[in-house]
Amino acid sequence: MNSLTSYINTEIKPLKHSDSIMEAQLLFEDFSYSHFPVTEEGIYIGCITKETIEFLSPNALVNESRYQFERFFVRSSIIWLDVLEVFAKNDANILPVLDEKNNYIGYYELEDVIRFLHETPFLKEEGGILIIEKEMNNFSMSQVAQIIESNNAKILGLFISNVANNKVEITVKISQSGLNDIIQTFRRYEYEIISEHQEDSYLNSLKERSDYLDKYLNI
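Just so it is clear, the model here is predicted, and its values are computed rather than measured.

Undergrad: I keep staring at a negative patch on the surface and nothing clicks. Help me out?
TA: On the surface, a cluster of negative charge is made up of Glu51, Glu54, Glu70 and Asp91. With respect to the helices and strands, the residue glutamate 70 is situated in the loop between α2 (50-53) and β4 (74-75). In this structure glutamate 70 comes out as partly exposed when scored by relative accessible area, which is 30%.

Below, the structure written as structure tokens:
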């Protein structure tokens, strides 16, 4: 499988700060992008939106609306999860890619990144998703891996999906459908199970026993 950087697109050239608003308007008419990157001497200075230029004079320069540019971007070294986050936070379907000196390299298209995501083992391979939580000071990624592998399962994907109130939430995809033994091991190591699973026989058993006792006491 190719790395995400193989999806960096250079087909459409960025707008220059010295281009006219008319040139920008024509680009938005030809392509269904939410934004277009703007450069000055090859350096990225921000993205212009269709709404920004809608009521401007076609003869004005792109640079005249510079104060309205949106300045989101990613580096070429960024991981795909962070790329998706930047897309989502900025409600964009195009994402400028820069090098460490802010030179414009190209752009990602949202459709390409989604296609890449669907080719990753995290989504492509069959398995079970488990979301667990533990206090930050007691959390260890190596311990999570050890718990899973000690139960004869393989990790297909693992990432920190949330950090709040001194707790860390981990989402992990595991290469088996029977998650019950893994869930019980996580509980023994004082991890909280956030996701709900029909296979969690421990909780089901407790519920069945509780229901039975309720009926027994009411006889």
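Read on, since the account is not over.
Undergrad: Is there a simple way to think about the packing of aromatic side chains in this case?
TA: Each pair of aromatic rings is reported with the distance of its centres and the angle of its planes. Enumeration according to the criterion identifies 8 aromatic pairs in this entry. Between tyrosine 7 and phenylalanine 116 the ring centres are 5.7 Å apart and the planes differ by 80 degrees, which places this aromatic pair in the edge-to-face class. Here tyrosine 7 is found in the segment before β1 (15-16), whereas its partner phenylalanine 116 is found in helix α4 (residues 110-119), with 109 residues between them in sequence. For the ring pair tyrosine 33 and phenylalanine 36, a centre distance of 5.6 Å and an interplane angle of 85 degrees mean the geometry is edge-to-face. On the basis of relative accessible area, tyrosine 33 is assigned to the buried category, the value being 13%. In this structure phenylalanine 36 comes out as buried when scored by relative accessible area, which is 1%.

Undergrad: Got a minute to help me understand the environment of leucine 27 in this structure?
TA: Within the fold, leucine 27 resides in helix α1 (residues 21-30). Contacts of leucine 27, omitting those with residues within four sequence positions, involve Ile12, Leu15 and Phe36.

Undergrad: How should the pattern of salt bridges be read in this particular structure?
TA: Note that side chains of opposite charge can pair when their charged atoms are close. In this structure the tally under the stated criterion is 4 salt bridges. A salt bridge links aspartate 112 to arginine 115, with the nearest nitrogen and oxygen atoms 2.6 Å apart. With aspartate 112 and arginine 115 both in helix α4 and 3 residues apart, the pair spans about one turn of that helix. A residue is classified by how much of its surface remains accessible, and arginine 115, at 44% relative accessible area, is partly exposed. Here lysine 167 makes a salt bridge to glutamate 133, at a shortest N to O gap of 4.0 Å. Of the two residues, lysine 167 sits in strand β9 (residues 167-174) while glutamate 133 sits in strand β7 (residues 128-135), which places them 34 residues apart along the sequence.

Undergrad: How should the sheet that holds strand β6 (residues 104-109) be read in this particular structure?
TA: Strands in a sheet are paired, the pairing made by backbone hydrogen bonds, and the direction either parallel or antiparallel. Taken together, 3 strands build an open sheet; the order of strands is β4-β5-β6 and the sheet is mixed. Both edges of this open sheet fall to β4 and β6, since each of them pairs with a single strand only. When β4 meets strand β5 (residues 94-98), the two strands line up parallel, connected through 2 bridges. Along β5, the bridge assignment pairs valine 74 with valine 97.

What counts, and at which threshold
- Residues numbered from 1 in each chain as written.
- Predicted model: local features only at pLDDT ≥ 70, side-chain atom pairs only at ≥ 80, totals over all residues.
- Heavy atoms only, no water.
- Patch = residues over 30% accessible without salt bridge, like charges linked within 9 Å, V, L, I, M, F, W, Y side chains within 5 Å.
- Areas by Shrake-Rupley, 256 points an atom, 1.4 Å probe, with all protein chains shown as cover.
- Salt bridge = Lys/Arg side-chain N within 4 Å of Asp/Glu carboxyl O.
- Lys, Arg positive; Asp, Glu negative; His and termini not counted.
- Charge placed at Lys NZ, Arg CZ, Asp CG, Glu CD.
- Helix = DSSP H or I, 4+ residues; strand = E, 2+ residues; numbered from the N terminus.
- Buried < 20%, exposed > 50% of the residue type's maximum accessible area, 1.4 Å probe, protein only.
- Phe/Tyr/Trp six-rings, centres within 6.5 Å; stacked < 30°, edge-to-face > 60°.
- Contact = heavy atoms within 4.5 Å.
- Pairing = 2+ DSSP bridges.

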